[in-house]
Amino acid sequence: MRKPFHRRTAPGAQPGTVIIDPESPKPKIHVIAYGDDGVEENDAETVADLAKLLHRKPVTWVNVDGLGDAAVIQQLGELFGLHGLVLEDIVNVHQRSKLEEYDEYLYIVVREATFDTVLHTEQVSIILGDGFVLTVQEWPGDCFEPVRQRIRKRLGRIRNAGPDHLAYALIDSLIDSYFPVLEKYGEELERVEERLLAGVSATTIARIHRLRSELFILRKTIWPHRDTINELLRDTTNRISEETRVYLRDCYDHSIQIIDVTETCREMCSDLRDFQFAQVSVRQNEVMKVLTIVSTIFIPLSFIAGVYGMNFDPKVSPWNMPELRWWYGYPFALGVMAAMGIALLGFIWRRGWLGREPTVEQMEKKLRRQRNRRSSQVDDSLSR
């Protein structure tokens, strides 16, 4: 499980300080250079090897997996002319999605979402410059394989477009990575609803709370992407062509759709939580109803038993419980108790206080019968 937010630079540290997480993997550099005339794909062992692979084609995509070497990060900054603050933001992986404009490049932060049993988000830094796109990721493994296949197999217009279209394709892949996550959350919510219908359990209640917390994190993660893409649409550096802006508008729509679906899932969590509370309340009411009925029946019986349990002596006065000398006194007392209990039970039954609540199907059948009875009465009155 990946660690939560932890900033490694001390408060008041010099801007541009690069401090590496010791648990981060060592950087692996992969280069794809392409143009209308073909594709070159290579792995660079060092930044010096990377420098030899640049500018061979109209567009060069440099992907770096891992942030575990400060020297490599600094060398990448020198090679591409990156500002120290950009390098600091690259290694401090708690950044929200944003866009920063520099003279020679655009720095874009996008977060990728994955879900296995819990939610994970990963920062992906994208630098768009003249003839190149540099992506830096926290961990190996990404959602960029479809983009690589489009480059290799010449699918779509990516091979004929500039680096801005490549940057769009990468951002679009990262935004679309949220859809499978939301689908899994939807499936998980359906399973939770089935468990609640089967019966409330402590694990189900805890799962609802956990899902709601993760969806809140997901909402906070995806929300800034809308502003980032909107800023790209209004780019003032002219690094984004008008044709690419059309595709970015579709990407913007996807971010809005993800926000809406996330809000819907969060509302479903709230509804399931309210349903669980209502279910608990109904069960408590059922228990209280049973206890109340038992108490209602046995309180009068206890009164009769208490009366006949008093220590009066019939020898002192004929009014002191003469039933104690009666041959049928005991059966009479039991009969009175039984009759009173049956009478109270019948009264409770006629009031509808005994028995389970009708189901939805039973209520629909009852309403249907009443509606048919009314319609038949109307037909009879009209026929007369």
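Presented here is a report on the structure given in the accompanying data block. What you are looking at is a predicted structure, and each value in this text was computed from that prediction instead of being measured.

Quick notes on the rules
Residues numbered from 1 in each chain as written. Predicted model: local features only at pLDDT ≥ 70, side-chain atom pairs only at ≥ 80, totals over all residues. Heavy atoms only, no water. Helix = DSSP H or I, 4+ residues; strand = E, 2+ residues; numbered from the N terminus. Buried < 20%, exposed > 50% of the residue type's maximum accessible area, 1.4 Å probe, protein only. Contact = heavy atoms within 4.5 Å. 1 Å grid on protein atoms, 1.4 Å probe; cavity = no way out; pocket = protein on both sides within 12 Å on 5 of 7 lines; lining within 4 Å. Points joined across faces, edges and corners; volume = space filled by probe spheres on them. Nonpolar A, V, L, I, M, F, W, Y, C, P; charged D, E, K, R; others polar. Pairing = 2+ DSSP bridges. Salt bridge = Lys/Arg side-chain N within 4 Å of Asp/Glu carboxyl O. Polar contact = N/O pair within 3.5 Å; in protein donor to acceptor, adjacent residues only side chain to side chain. Core = buried A, V, L, I, M, F, W, Y, C linked by side-chain atoms within 4.5 Å. Axes fitted to C-alpha atoms, helices over the stretch in contact; angles between N-to-C directions. Disulfide = S-S within 2.5 Å. Arc of directions from axis to C-beta. Phe/Tyr/Trp six-rings, centres within 6.5 Å; stacked < 30°, edge-to-face > 60°.

Further remarks concern the environment of Asn42. With respect to the helices and strands, the residue Asn42 is situated in strand S2 (residues 38–44). The exposure class of Asn42 is partly exposed, given its relative accessible area of 30%. A sequence separation of 10 residues divides Asn42 from Ile32, and the C-alpha atoms of the two residues are 6.6 Å apart. Those residues in contact with Asn42 that lie beyond four places of it in its chain are Ile29, His30, Val31 and Leu53.

Attention shifts here to the layout of surface pockets. In this structure, the second largest pocket occupies an estimated 260 Å³ of space. Breaking the lining of the second largest pocket down by element, the ones donating at least two residues are strand S1 (28–35), S2, strand S3 (59–65) and helix H2 (70–80). At 3 residues, the largest contribution of residues to the lining of the second largest pocket is made by S1. Considered class by class, the residues forming the lining of the second largest pocket number 5 nonpolar, 4 polar and 6 charged.

A separate point is the pairing of S3. Taking burial as the measure, the 7 residues of S3 include 7 buried ones, the bulk of the element. Here S3 shows no split at all, with Val59, Trp61, Asn63 and Asp65 on one side and Thr60, Val62 and Val64 on the other all buried. Here 7 bridges tie S1 to S3, and the two strands are oriented antiparallel to one another. The residue bridging Ile32 from the neighbouring strand is Trp61, located in S3.

Take Val136: it is sitting in strand S7 (residues 132–137). Residue Val136 is classed as buried on the basis of its relative accessible area, which comes to 4%. Taking the C-alpha atoms as reference points, Val136 and Val62, 74 residues apart in sequence, are found 8.5 Å from one another. Each residue touching Val136, except ones within four places of it in the same chain, is listed here: Val64, Leu67, Ile90, Gln123, Val124 and Ser125.

With that settled, consider the pattern of salt bridges. All chains considered together, the criterion is met by 18 salt bridges. For Asp37, the salt bridge is made with Lys57, and the minimal N-O distance between the two is 3.2 Å. Remark: Lys57 occurs in the loop between helix H1 (47–53) and S3 and Asp37 occurs in the loop between S1 and S2; sequence separation between them is 20 residues. Taking relative accessible area as the criterion, Asp37 reaches 63% and is therefore assigned exposed. Classification of Lys57 as buried rests on a relative accessible area of 14%. One salt bridge in this structure joins Arg56 and Glu40, with 3.6 Å as the shortest N-O distance. Taken together, the positions of Arg56 in the loop between H1 and S3 and Glu40 in strand S2 put the pair 16 residues apart, joining distant regions of the chain. Taking the relative accessible area as the measure of exposure, Glu40 reaches 27% and is therefore partly exposed. Within this structure, Glu41, Asp142, Glu145, Arg148 and Arg152 form a network of salt bridges that share partners.

The next subject is the side chain of Glu122. Mapped onto the elements of the fold, Glu122 is located in strand S6 (residues 119–129). Note on Glu122: relative accessible area 4%, which makes it buried. Within the local environment of Glu122, its side chain forms a polar contact with the backbone nitrogen of Trp139, the two atoms lying 3.0 Å apart.

Turning to the nonpolar core, a few remarks are in order. Ile126, Leu166 and Leu218 are the most contacted members of the largest nonpolar core, which totals 51 residues. Sequence-distant contacts of Ile126, that is, excluding residues within four places in its chain, are made with Leu106, Tyr107, Ile108, Val110, Val133, Leu134, Thr135, Leu170, Ile171 and Leu174. In this structure, Ile20, Leu76, Val91 and Val109 belong to the second largest nonpolar core, which totals 28 residues.

All right, on to the sheet that holds S6 then. A sheet is described by the order of its strands in space; here 7 strands give the open sequence S2-S1-S3-S7-S6-S5-S4, paired in mixed fashion. The open sheet has two edge strands, S2 and strand S4 (98–101), and neither has a second partner. Each strand axis lies, on average, 15 degrees off the axis of its neighbour in the sheet, ignoring direction. In this sheet, S7 lies alongside S3 in parallel orientation, the contact comprising 6 bridges. If you follow Asn63 over to S7, its bridge partner there is Thr135. Across the face of the sheet, helix H6 (residues 178–198) comes into contact with strand S5 (105–115) and S6 while running at roughly 25 degrees to S5.

Further remarks concern the state of the cysteines. Under the defined criterion, the tally for this structure stands at 0 disulfides. No disulfide involves Cys265; its sulfur sits 7.3 Å from that of Cys269, the nearest cysteine. Of the residues examined, Cys265 reaches a relative accessible area of 6% and is grouped as buried.

Of the positions making up H2, those classed as buried are Val72, Ile73, Leu76, Gly77 and Phe80. Each buried residue of H2 sits inside an arc of 140 degrees when the element is viewed along its axis, so together they form one side. Contact partners of the buried residues in H2: H1, S3, helix H3 (84–91) and S7. A side-chain oxygen of the first residue of H2 lies 3.0 Å from the backbone nitrogen of Ala71; this N-cap is Asp69. Downstream of H2 by a residue or two, Gly81 has a phi angle that is positive, lying close to 65 degrees.

Scanning the model with the defined rule gives 5 aromatic pairs in all. Taking 4.8 Å as the distance between ring centres and 40 degrees as the angle between the ring planes, the aromatic pair formed by Phe80 and Phe132 counts as tilted. Of this pair, Phe80 sits in helix H2 while Phe132 sits in strand S7, and the two are 52 residues apart along the sequence. The two residues Phe80 and Phe132 agree in class, both being buried. Ring centres of Phe115 and Tyr185 lie 4.7 Å apart, and the angle between their planes is 50 degrees; this geometry places the pair in the tilted category. Of this pair, Phe115 sits in strand S5 while Tyr185 sits in helix H6; the two residues are 70 residues apart in sequence, bridging distant segments of the chain. Since its relative accessible area comes to 0%, Tyr185 is described here as buried.

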